[in-house]
Amino acid sequence: MRVSGGAVSRSCVPAWLLIGVWRVAAITAFLPEEDTTSLIGSLFRIIFDVAVSPNDRASRQKFGYDGNKNCYCQPAYLCQQSSSDLSSGQLDVRIVTPPASKYCSPGYVYCCWNNKHQCGTRLLNYLPTNNFARSIGQAPYGAYPWQVLILTKSNVYVGSGALVDPQYVVTVAHKLLPFAGTNALKVRLGEWDAMTNRETFPPVEREISVVTIHPQFEQNGLQNDVAVLKLSAPAVIDDTTPNINTVCLPRAYDSSVGERCWVSGWGKSGYGSGSGYQSIQKEVDVTVLSSTECERLLRQTRLGPFFRFDSYNFLCAGGEKDKDACSGDGGSPLVCERGRGQFYLAGLVAWGIGCGNPQTPGVYVNIPSFVQWINQQTTDYVRNY
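What you are looking at is a predicted structure, and each value in this text was computed from that prediction instead of being measured.

### A closer look at the overall build of the chain
Phase 1: A count of helices and strands for the chain gives six helices and 17 strands.
Phase 2: Within the chain, the fraction of its 385 residues that count as buried is 51%.
Phase 3: For the chain, long-range pairs separated by at least 24 residues make up 69% of all intrachain contacts whose partners lie at least 6 apart in sequence.
Phase 4: Summed over its atoms, the accessible surface of the chain is roughly 17600 Å², and 53% of this surface lies on carbon and sulfur atoms.

See the structure below:
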C-alpha cells in the first residue's frame, strides 16, 4: 500500500492508522459485543495487511515477493512440505535463500511454491460456454473442486465436506454421529453428476481412516459442530485431476461480513416431502450478514424474540427468496473469494429455518473460530490463503 507517495514498511505503521485504532476503540464502547468482535477482527486484518503484505513494487522487493516463482515471506510452519504434499505432487515447496535485495522479518522464511496447484483455485475451464449444458442453479463442472461427497460404503448419501489438505476433509460433526465408532463411511472427490459417468475427469473415492469430532460438540445446540476426516490415502492433485483441489482456510480473525459468497451441494431443492436430492451439484450466491442482523431476522421466525445468535460458533448468510442451502446440504462449504483468484472456507452448512424463505438466512459453522483446532488435527498446518 502507498501512503503519501511512499511504501509502508513492516516496522512503520502510518499515523492515520494509529488514529483510526484510537477512534475504533472509542466507538466499540457503544456497540454490541458481537459487532465489536467483528469490527476488531476486520481492523486487525487491515493492520496486518498494511504492515506485512506486499502491495506495491517497493514492499514486494523488501518482503521477498517474486511474481514468477510465487515466492513470499511466510511463517516457517506454512512452508513445511507435508508427507501428503510429497505423495500427491500438489506443491513443490522450497525454503530458499532470498536474494540480497530481499529479506524476511524474524520468524519468517523466504518460501516458494513452484506449482500452479495452490489451494482455493479452480483448475478447470468452468465457463458455461465451454462446458456441459446446465439448468438454472446448477454449478459449472469443476467450479468447486474442494467439495467432497460423504457416503456410506453402500453409496447412501450422508452429507458433504471440504478438502483442506490432500489427506484431510472438514465437515460438520452432526452428520457423523449416526456412524460413530463404525467404519461405514467413504468420501468421493471431484464429483459433479452423481448419477452418470459423463464427466471428463472421473471422481475418486477414498476410505476414511480417522474421524475426529470436536470434543466440545453439543448435539442439542450444535455448538462446536465441526469434525475432521483423515483419508486412507492422500488425494492426487496434479494435471491429471483438475477436478480435485483443496480450499484455503481463513485466518482466525477473518470476517466475511458483507461479502458475496458461494455455497454448493447436492441437497434438496426445497423444504418438504415433495423435494428430492440433486444428482448434479448446485450452487447459490449469498451475502454474509452481521451477527446483529442475523439475530434480528431469526427472531422473526419461530425461534422467537428472545433468540440469541451465537456469533462464535455460527455465521449466517442469505435471506433472499429461493437462494439458500437446504436439507441434505449439511457440511457443504460456503466459500468466499479474496484476492489472487483464491477461495477460502468461510463456513459449513449447519442449520436453518425452512429453505429459501425471504428474510430468513441460513446458518453456517463459523470456520475462523475453529481454524486452530482444525490445524491441530492435521499432521502439518494446512495452508491458509
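### A few points about the state of the cysteines
Phase 1: In this structure the tally under the stated criterion is three disulfides.
Phase 2: Between the sulfur atoms of Cys 261 and its disulfide partner Cys 336 the distance amounts to 2.0 Å. Judged by the sign of its S-S torsion, about 100 degrees, the cystine formed by Cys 261 and Cys 336 is right-handed. Taken together, the positions of Cys 261 in strand 12 (residues 260-265) and Cys 336 in strand 15 (residues 333-337) put the pair 75 residues apart, joining distant regions of the chain. Here Cys 261 matches Cys 336 in class, with each residue buried.

### Here we look at the sheet that holds strand 9 (residues 185-189)
Phase 1: Strand order in the closed barrel made by the six strands is 6-7-8-11-10-9, with antiparallel pairing throughout. Across the sheet, the mean angle from the axis of one strand to that of its neighbour is 40 degrees, orientation sign disregarded.
Phase 2: Bridge count for strand 6 (residues 147-152) against strand 9 is five bridges, and the pairing is antiparallel. The partner of Ile 150 across the bridge, within strand 9, is Val 187.

### Section: the sheet that holds strand 12
Phase 1: In spatial order, the strands read 12-13-14-17-16-15; together these six strands close into a barrel with antiparallel pairing. For this sheet the average axis-to-axis angle between neighbouring strands, irrespective of direction, equals 45 degrees.

### Here we look at the side chain of Thr 378
Phase 1: Mapped onto the fold, Thr 378 is located in the segment after helix 6 (371-377).
Phase 2: Its relative accessible area of 8% is what places Thr 378 among the buried residues.
Phase 3: A polar atom in the side chain of Thr 378 sits 2.9 Å from the backbone oxygen of Asn 375.

### Details of the pairing of strand 12
Phase 1: Bridge analysis of strand 12 against strand 13 (residues 282-289) gives six bridges, and the strand direction is antiparallel. Paired with Ser 264 across the strands is Glu 283, a residue of strand 13.
Phase 2: Where strand 12 meets strand 15, two bridges bridge the pair, whose relative direction is antiparallel. Directly across from Trp 262, in strand 15, lies its bridge partner Val 335.

### Side note on the environment of Ser 232
Phase 1: Structurally, Ser 232 can be placed in the loop between strand 11 (227-231) and strand 12.
Phase 2: Sequence separation between Ser 232 and Ile 208 is 24 residues, and the spatial gap between their C-alpha atoms is 5.4 Å.

### Focus on the pattern of salt bridges
Phase 1: For the coordinates displayed, the defined rule picks out 13 salt bridges.
Phase 2: Here Asp 254 makes a salt bridge to Arg 251, at a shortest N to O gap of 3.5 Å.
Phase 3: With a relative accessible area of 17%, Arg 251 lands in the buried category.
Phase 4: As a salt-bridge pair, Glu 293 and Arg 296 come within 2.7 Å of each other at their nearest N and O atoms. Residue Glu 293 and its partner Arg 296 are located together in helix 5 (residues 291-298), separated by three residues, close to a single helical turn.
Phase 5: The class for Arg 296 is partly exposed, based on a relative accessible area of 40%.
Phase 6: Here the salt bridges do not stand alone but share partners, grouping Lys 186, Arg 188, Glu 191 and Glu 205 into one network.

### Here's the deal with the pairing of strand 13
Phase 1: Pairing of strand 13 with strand 14 (residues 314-318) involves two bridges; the strand directions are antiparallel. What sits directly across from Val 288, in strand 14, is Ala 317.

### Examining empty space enclosed by the protein
Phase 1: Considering all chains together, one arrives at two cavities of 30 Å³ or more under this definition.
Phase 2: Put simply, the second largest cavity is a space of about 60 Å³.
Phase 3: The wall of the second largest cavity is formed by Tyr 141, Gly 142, Ala 143, Tyr 144, Pro 145, Gly 190, Glu 191, Trp 192, Asn 243 and Gln 281.

### Focus: unusual backbone geometry
Phase 1: A positive phi angle, near 70 degrees, is found at Asn 155, a position not held by glycine.
Phase 2: Inspection of the secondary structure puts Asn 155 in the loop between strand 6 and strand 7 (157-165).
Phase 3: Residue classification places Asn 155 among the partly exposed positions, given a relative accessible area of 45%.
Phase 4: Located in the positive-phi region is Asn 224, a residue other than glycine, with phi close to 55 degrees.
Phase 5: Within the fold, Asn 224 resides in the loop between strand 10 (204-213) and strand 11.
Phase 6: Accessibility expressed as a relative area gives 13% for Asn 224, which makes it buried.

### Focus: the side chain of Gln 147
Phase 1: Among the structural elements, Gln 147 can be located in strand 6.
Phase 2: On the basis of relative accessibility, which here comes to 1%, the residue Gln 147 falls in the buried class.
Phase 3: Polar side-chain contacts of Gln 147 include one of 2.8 Å to the side chain of Gln 281.

### Some points on the environment of Pro 368
Phase 1: You can see Pro 368 is positioned in the loop between strand 17 (361-366) and helix 6.
Phase 2: A relative accessible area of 9% places Pro 368 in the buried class.
Phase 3: C-alpha separation for the pair Pro 368 and Asp 254, spaced 114 residues apart in sequence, amounts to 6.3 Å.
Phase 4: In contact with Pro 368, not counting residues within four places along its chain, are Pro 250, Arg 251, Ala 252, Asp 254 and Ala 346.

The rules behind each value
Residues numbered from 1 in each chain as written. Predicted model: local features only at pLDDT ≥ 70, side-chain atom pairs only at ≥ 80, totals over all residues. Heavy atoms only, no water. Helix = DSSP H or I, 4+ residues; strand = E, 2+ residues; numbered from the N terminus. Buried < 20%, exposed > 50% of the residue type's maximum accessible area, 1.4 Å probe, protein only. Contact = heavy atoms within 4.5 Å. Areas by Shrake-Rupley, 256 points an atom, 1.4 Å probe, with all protein chains shown as cover. Disulfide = S-S within 2.5 Å. Pairing = 2+ DSSP bridges. Axes fitted to C-alpha atoms, helices over the stretch in contact; angles between N-to-C directions. Polar contact = N/O pair within 3.5 Å; in protein donor to acceptor, adjacent residues only side chain to side chain. Salt bridge = Lys/Arg side-chain N within 4 Å of Asp/Glu carboxyl O. 1 Å grid on protein atoms, 1.4 Å probe; cavity = no way out; pocket = protein on both sides within 12 Å on 5 of 7 lines; lining within 4 Å. Points joined across faces, edges and corners; volume = space filled by probe spheres on them.

None of this, on its own, says anything about what the molecule does.
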